[in-house]
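Structural description and commentary
This is what each chain is made of:
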2 protein chains.
Amino acid sequence: MRALLLVSSALLIAAAPPAKPKTPTEIAAAAPASTWRDIDPDDLLVMDLGNGGRVVIQLAPQFAPVHVANIRALAKGGWWSGSSIYRVQDNYVVQWGNNESTKPLPVGVVAKPPAEYHRALKGLTVRPLGYADDYAPKAGFASGWPIGYDPSAGTANLTHCYGYVGVGRDLSPDTGTGGELYAVIGHAPRALDRNIAIVGRVIEGIERMSSLSRGTEALGFYKEASQNVPISSVRLASEIPAAGRPAFQVMDTMSPTFADYLRVKANRKDDFFIRPAGGVDLCSVNVPVRKKPA
Amino acid sequence: MRALLLVSSALLIAAAPPAKPKTPTEIAAAAPASTWRDIDPDDLLVMDLGNGGRVVIQLAPQFAPVHVANIRALAKGGWWSGSSIYRVQDNYVVQWGNNESTKPLPVGVVAKPPAEYHRALKGLTVRPLGYADDYAPKAGFASGWPIGYDPSAGTANLTHCYGYVGVGRDLSPDTGTGGELYAVIGHAPRALDRNIAIVGRVIEGIERMSSLSRGTEALGFYKEASQNVPISSVRLASEIPAAGRPAFQVMDTMSPTFADYLRVKANRKDDFFIRPAGGVDLCSVNVPVRKKPA
């Protein structure tokens, strides 16, 4: 029996001679240094789990400034130390925080942030996806993020793609403080777009969340508190001494390399593929992120 | 801190008074008996894992008849007893079978099946999705399955949605025997549509696969054979004595109830939602399946 099957990308980097059609991963791996943008250490949330695993989240202050400011204040205040992951719902979300506790919020956290569910399109430089979207009039990329946008309304919003992080909230008008966060671990639940504040995306360690045991209570909550996954600390990278500070870069979505990457994502012709799709949905594009080279 | 957040469906069944907008789950729960179609026990593959968990797969002989006939023969021949899950790639697939072993195929298994990557549109009664698709000229539902279709070419294909099961293969012209199977455990990798045979979907126990530890080798293969997850047996439901045989039903996708379900999926107005999307992508619809009532 053949082992292979479903070649996605990584293996081909070594195997494919230059003349062959490139994979998206090969294009990202060969991207010139000028293509990459450093992520600000104030935009990196470093979550260390009790089991030794680490999850790193890139924050998106351009899209939800008050919620992101809250999240920075919560991190600096050590609010998540001793908190836990308490909900894991299959094909939906992992959620963490202090849940129903009455732990006081650190000074500076806005208790009732505005509903940052979309922002002005103005001020963003947009690369259109070039294919249809079922959840917004248009889809594309801005500042390294996938967005839905509405040129006639002049609005843009982040989208619930795999690994994206949003702010848990109660029924409207509650908008959530940012203390309870969730990450998408299944097919993009984009009906949530524009109904909740998206504040970033997991750029390292999503598999430490997505492989957790599913909760058996309604909505995937764990039945017993003993099932919760402890969180040791959540810090901004900027709080970590430079020597041990994680550093990442994101591909400039206005770069020619990203244009090439997007084109190939929609038209896979590398070895495994017989029929290129001729299209791609927004959440299948996955803007490239990498560790910053030493 | 509020517990809630991200109400999906289940909780609201009990909570919502009749006048409120219904959730998709409520519509499925209230569907009349005439809406449901029994799944043939020859179309149910019952996989029992070594850890005691069970995964049930509904086969789709209408779309890949030779591959499905192979899978039935492999099950009847006990070919997967003692096999294992040997690949778990995050946001992509779980894969199982006998991998690189030389275990002989049971009598009756076609060693080189045709490329059943699409079928004739003729013979299918289609309910259109009604919204755009990035991977096929049209998307919709037929016989309880999500499909992409091309009216001008007269073809239709199953789609790589969450939980859908395909046949691992080597590079073309190999099409796979059906011995190595995979299930989608992430955002729908629809670029694979029409490049590989889809043979069914997981209708029970997908969380037993999606929560497995990710493999650390290229493409998510486990590094050591000791990490593989043992499979005790894979049988057709029709091989199991009637008293202990699992039985399921699928919603008729041509029924008025499914039309209602689809409409609400694209226009969520229940308590949690502020802005209905006004659209839905094919893989977010999830055709309702239930255990057959006693």
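The present account deals with the structure reproduced in this document. (Residues numbered from 1 in each chain as written. Chains lettered and ligands numbered in written order. Predicted model: local features only at pLDDT ≥ 70, side-chain atom pairs only at ≥ 80, totals over all residues. Heavy atoms only, no water.)

1. Structural notes on the overall build of chain A
Rule in force here: The numbering of helices and of strands both runs from the N terminus, where a helix is a DSSP run of H or I of at least 4 residues and a strand a run of E of at least 2. The globule rule used for comparison is 2.2 Å times the number of residues to the exponent 0.38, while the radius of gyration itself is calculated over C-alpha atoms. Contact criterion: two residues are considered in contact whenever any of their non-hydrogen atoms come within 4.5 Å of each other. Each accessible area value is a Shrake-Rupley result obtained with a 1.4 Å probe; residue values ignore everything except the protein chains displayed when judging cover. Note on charges: Lys and Arg go in the positive column, Asp and Glu in the negative column, and His and the chain ends are not counted at all. Think of each charge as sitting on NZ of Lys, CZ of Arg, CG of Asp or CD of Glu.
Along the backbone of chain A there are five helices and 16 strands. In summary, chain A has a C-alpha radius of gyration of 20 Å against a globular reference of 19 Å for 294 residues, a match within 12%. Referenced to the eigenvectors of the C-alpha coordinate spread, the extents of chain A come out at roughly 60 × 50 × 40 Å. Look at the contacts in chain A between residues 6 or more apart in sequence, and 70% of them connect residues 24 or more apart. Accessible surface for chain A amounts to roughly 11,100 Å². Of this, 54% is attributable to carbon and sulfur atoms. Counting 31 positive and 26 negative side-chain charges, chain A places the centres of these two groups 5 Å from one another.

2. Brief notes about the side chain of T155 of chain B
Residues and elements named next belong to chain B. The test is simple: When accessible area is computed with a 1.4 Å probe and restricted to protein chains, residues below 20% of their type maximum are described as buried, those above 50% as exposed, and intermediate ones as partly exposed.
Structurally, T155 can be placed in strand β10 (residues 155-158). Assessed through its relative accessible area of 18%, T155 is described here as buried. When residues no more than four places from it in sequence are discounted, the contact partners of T155 are H118, R119, L121, G148, Y149 and D150.

3. Some points on the state of the cysteines
Residues and elements named next belong to chain A. Applied cut-off: Two cysteine sulfurs form what is called a disulfide whenever their separation falls within 2.5 Å.
What the rule picks out here adds up to two disulfides over all chains. Two residues, C161 and C283, share a disulfide whose sulfurs are 2.1 Å apart. The chirality of the disulfide connecting C161 with C283 is left-handed, given an S-S dihedral of about -75 degrees. One end of the pair, C161, is in the loop between β10 (155-158) and β11 (164-167); the other, C283, is in the loop between α5 (256-265) and β16 (289-291), and 122 residues separate them in sequence. For the pair formed by C161 and C283, the shared burial category is buried.

4. Examining the sheet that holds strand β1 (residues 36-38) of chain A
All names here are of chain A. Heads up, the rule is: Between any two strands, pairing holds if DSSP finds at least two bridges. Structural elements are reduced to axes, namely lines fitted to C-alpha atoms, with helices fitted over the stretch in contact, and the angle between N-to-C directions of any two is expressed from 0 to 180 degrees.
Read across the sheet, three strands follow the order β1-β15-β16 without closing on themselves; strand pairing throughout is antiparallel. Two strands close off the open sheet at either side, each with one partner strand: β1 and β16. Strand-to-strand twist across the sheet, computed as the mean angle between neighbouring axes with direction ignored, equals 35 degrees. In the sheet, strand β15 (residues 248-251) pairs with β16 via three bridges, with the strands oriented antiparallel.

5. Observations regarding the sheet that holds strand β2 (residues 44-49) of chain A
Residues and elements named next belong to chain A. Strand order in the closed barrel formed by eight strands is β2-β3-β13-β11-β12-β5-β4-β14, with antiparallel pairing between adjacent strands. For this sheet, the mean angle separating the axes of adjacent strands, direction not counted, is 35 degrees. Two strands pair when backbone bridges link them, and strand β5 (residues 93-97) and strand β12 (residues 181-184) are joined in this way by four bridges, in the antiparallel orientation. In the strand pairing of β12, V93 is matched with V184. Taken strand by strand, helix α3 (residues 65-76) contacts β2, β3 (54-59), β11, β12, β13 (198-204) and β14 (229-236), and its axis lies near 110 degrees from that of β14.

6. Description of the pattern of salt bridges
All names here are of chain A. Rules: Should a side-chain nitrogen of Lys or Arg be within 4 Å of a carboxyl oxygen of Asp or Glu, the pair is scored as a salt bridge.
With the rule as written, the count across this model stands at 26 salt bridges over all chains. The partner of R37 in a salt bridge is D252, and the shortest N-O contact between them spans 2.8 Å. Taken together, the residues span a long stretch of sequence, with R37 in strand β1 and D252 in the loop between β15 and α5 at a distance of 215 residues. Residue class for D252 comes out buried when judged on its relative accessible area of 19%. Among the ionic pairs, R268 bridges to D270, the shortest N-O distance being 2.7 Å. Both residues of the pair, R268 and D270, belong to the buried class. Among the ionic contacts, a cluster of salt bridges with common partners joins D48, R54 and R235.

7. Let's talk about α3 of chain A
Residues and elements named next belong to chain A. The cut-off we apply is this: The span expected for a helix works out to 1.5 Å for each residue beyond the first.
Between its terminal C-alpha atoms α3 stretches 16 Å, which fits the 16 Å expected from twelve residues at 1.5 Å a residue. Taken as a whole, α3 has its buried residues at H67, V68, N70, I71, A73, L74 and A75. Looking at the buried side of α3, the elements it contacts are β2, β3, β11, β12, β13 and β14. The positive-phi residue at the C-terminal boundary of α3 is G78, with phi of around 65 degrees.

8. Side note on the relation of the copies chain A and chain B
For the record, the criterion: Copy-to-copy superposition: least squares on the C-alpha atoms, limited to residues that have pLDDT of at least 70 in both copies.
Superposition of chain A onto chain B requires a rotation of 180 degrees combined with a translation of 0.0 Å along the rotation axis, giving an RMSD of 0.0 Å. Within this description, the copies of the chain are treated as partners about a two-fold rotation axis.

As far as function goes, none of this settles anything; it's purely spatial.
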